[in-house]
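# Chains, contacts and geometry: an overview
Chain by chain, the residues:
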Amino acid sequence: MSTVLPELSEALADAVSKAAAGLVRVEGRERLPATGIVWDAEGLILTAHHVLERDENINVGFEDGETVTAELVGRDPATDLALLRTTKRDSSIPAWAGPEDLRVGHMVLALGRPGKNVRATLGIVSALGDSWRTPAGGPVDRYLQTDTVMYPGFSGGPLVDAQGRFVGLNTSALLRGVSITVPVPTLNRVVQDLSEHGSVRRAYLGVGAQPNRLPDGIADELGQETGLLLVSVEQGSAAEKGGLFLGDTLVSLGGTPVRHMDDLFTSLDSGLIGKSITARILRSGRLEELTVTPAVHP
Amino acid sequence: MTTLLSQLNSDLGEVANKARKSLVQVAAGRRGSGSGVILGADGLVVTNAHVVSERKGRRPMRDLRVTLPAGAVVAARLLAKDDGLDVAVLQIETPDGELPELHPIELGDSLALRPGQWVMAMGYSWGVAGAAAGGIVIGAGPDLPESPGIGRDWIAVDLSLRPGYSGGPLVDHQGRLIGMSTMMAGLDVGMAVPAHVIKEFVKEAIGGGTA
């Protein structure tokens, strides 16, 4: 017998041991506790939003056996992430790896700490795609799906690569029946928003809209077949202040064509809050340009 | 890369072959069967208590038969069982008292299991002789979320046990016994009774000796 299988077995167990210090138990619901990841040495813990059924009385259990209370910094239900602050200092921070280091077929481990000890399941990377939007509208930088089993209490835990590096946070709540990992770039972005504002900020116009086919001539001129017909404009909203009316059809925002609702969501990045941008609309059969200043999503 | 995977496959084959030498099928009455493990060269076999019990109630089945790795079918007598632990000890018996050559399984250390380490389950799945399923240890000990018995040691494994694996060996990367496949907890999680629990039970049941 060669040494490959024993070495593989040892390497997998080593990857789990190496990652263990970066995993915490998160007690924030009635049933089984879930998992969280040590985010920095200042006591920040990243976990899944859906495992926190309450905003207070949350406890976090560390590798060394210590359990401390945690304060909820903020949640982003759209990406199923939540940030906690504890008084625990100098925890060892896990090493992270970006999705660019992964390939479909790579062996990966899903880890959790629903109890005292770390648990592990093994699988491979099933799919690695482009950016996508969760059913709740949260933008995620890469679509990362694995065939790892999400053992009870694994949500909020990391996906770990062959070197024991964390490549993202696993959650069973974003898509039913599929093991989805939120990759590092998304985690960085959401953690920054949560720690600065307590929520993930999105730019907001204050309109209700639906896709609408453009007249042939306009479609040819713009090179796009649909725009967004405004079916409501909130009083006092950025849209109203900018001069948008019910019945206008929005065809581009800040120079980016808007064909579907998804285009509008994508273009309303938090960077646009308070910035004046051009809204191109079709009104009474003619194209017009207005200036709008998106506000913060309430 | 290719060489590495070939070596890995060859290693996996060796582990399966080694474990298969100690794997038996246990049939009780007219009921379907389960698996068992040869623990002693004197004909001691362990399996799950539920494999040798009536479906309703816990009355032990009569007419126990064991299919040995080489295919011979021999009778067996129930020495002891514990329905709580789900462990049963059988003694293989032949009419002339002569036992064929048996290969007892090598015992591993189930108290030193590490999450992530590789394991293989062997059994008579759907009646297929010597079927194997591979995976890793999810965790071991008394505090597993889906443990059937509170406070008792279990091994949770990330592999799909199918009907027929019950009572069969769970082995490590060297083919050493670390547990006994006992049930599924969900679609893809198997639960096994750790080898140290089996060892302890056999020791008490037959009063020292073989195990």
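Higher on the page you've got the structure.
Residues numbered from 1 in each chain as written. Chains lettered and ligands numbered in written order. Predicted model: local features only at pLDDT ≥ 70, side-chain atom pairs only at ≥ 80, totals over all residues. Heavy atoms only, no water.

This brings us to the packing of aromatic side chains. Residues and elements named next belong to chain A. By the definition in use, this model includes four aromatic pairs over all chains. Between Trp 96 and Phe 166, the ring centres sit 5.5 Å apart and the planes meet at 75°, which makes this aromatic pair edge-to-face. Of this pair, Trp 96 sits in the loop between strand 6 (81–85) and strand 7 (107–112) while Phe 166 sits in strand 13 (residues 166–171); the two residues are 70 residues apart in sequence, bridging distant segments of the chain. Residue Trp 96 is classed as partly exposed on the basis of its relative accessible area of 24%. Judged by relative accessible area, Phe 166 falls into the buried class, the value being 1%. Three or more aromatic residues link up through ring pairs in this structure, and these residues are Trp 39, Trp 96 and Phe 166. (Phe/Tyr/Trp six-rings, centres within 6.5 Å; stacked < 30°, edge-to-face > 60°. Helix = DSSP H or I, 4+ residues; strand = E, 2+ residues; numbered from the N terminus. Buried < 20%, exposed > 50% of the residue type's maximum accessible area, 1.4 Å probe, protein only.)

Residue and element names in this part refer to chain B. With five of its five residues buried, strand 12 (residues 190–194) lies for the most part within the structure. In this sheet, strand 12 lies alongside strand 9 (residues 154–157) in antiparallel orientation, the contact comprising three bridges. What sits directly across from Ala 156, in strand 12, is Met 191. Inspection of the sheet shows strand 11 (residues 177–184) paired to strand 12 by five bridges, in the antiparallel sense. Along strand 12, the bridge assignment pairs Gly 179 with Pro 194. From the end of strand 11 to the start of strand 12, which pair antiparallel, there are five residues, and Gly 186 there has a positive phi angle of about 90°. (Pairing = 2+ DSSP bridges.)

Another aspect to go through is the environment of B:Arg59. All names here are of chain B. By the element assignment, Arg 59 lies in the loop between strand 3 (44–47) and strand 4 (64–67). Separated by 59 residues in sequence, Arg 59 and Trp 118 have C-alpha atoms that sit 36 Å apart. Those residues within four positions of Arg 59 in sequence are excluded, and the remaining contacts are Val 52, Ser 53 and Glu 54. (Contact = heavy atoms within 4.5 Å.)

For interface size, the figure often reported is the accessible area lost on association. Each partner contributes to the interface: chain B provides 26 residues, whereas chain A provides 28 residues. With both chains or domains summed, chain B and chain A bury close to 2,300 Å², and 62% of this area falls on carbon and sulfur atoms. Where chain B packs against chain A, one counts two salt bridges. The partner of A:Glu10 in a salt bridge is B:Arg114, with the nearest N and O atoms 3.3 Å apart. Grouping the constituent residues of the side of chain B that touches chain A by class yields 14 nonpolar, five polar and seven charged. (Buried area = accessible area lost by both parts, 1.4 Å probe. Salt bridge = Lys/Arg side-chain N within 4 Å of Asp/Glu carboxyl O. Nonpolar A, V, L, I, M, F, W, Y, C, P; charged D, E, K, R; others polar.)

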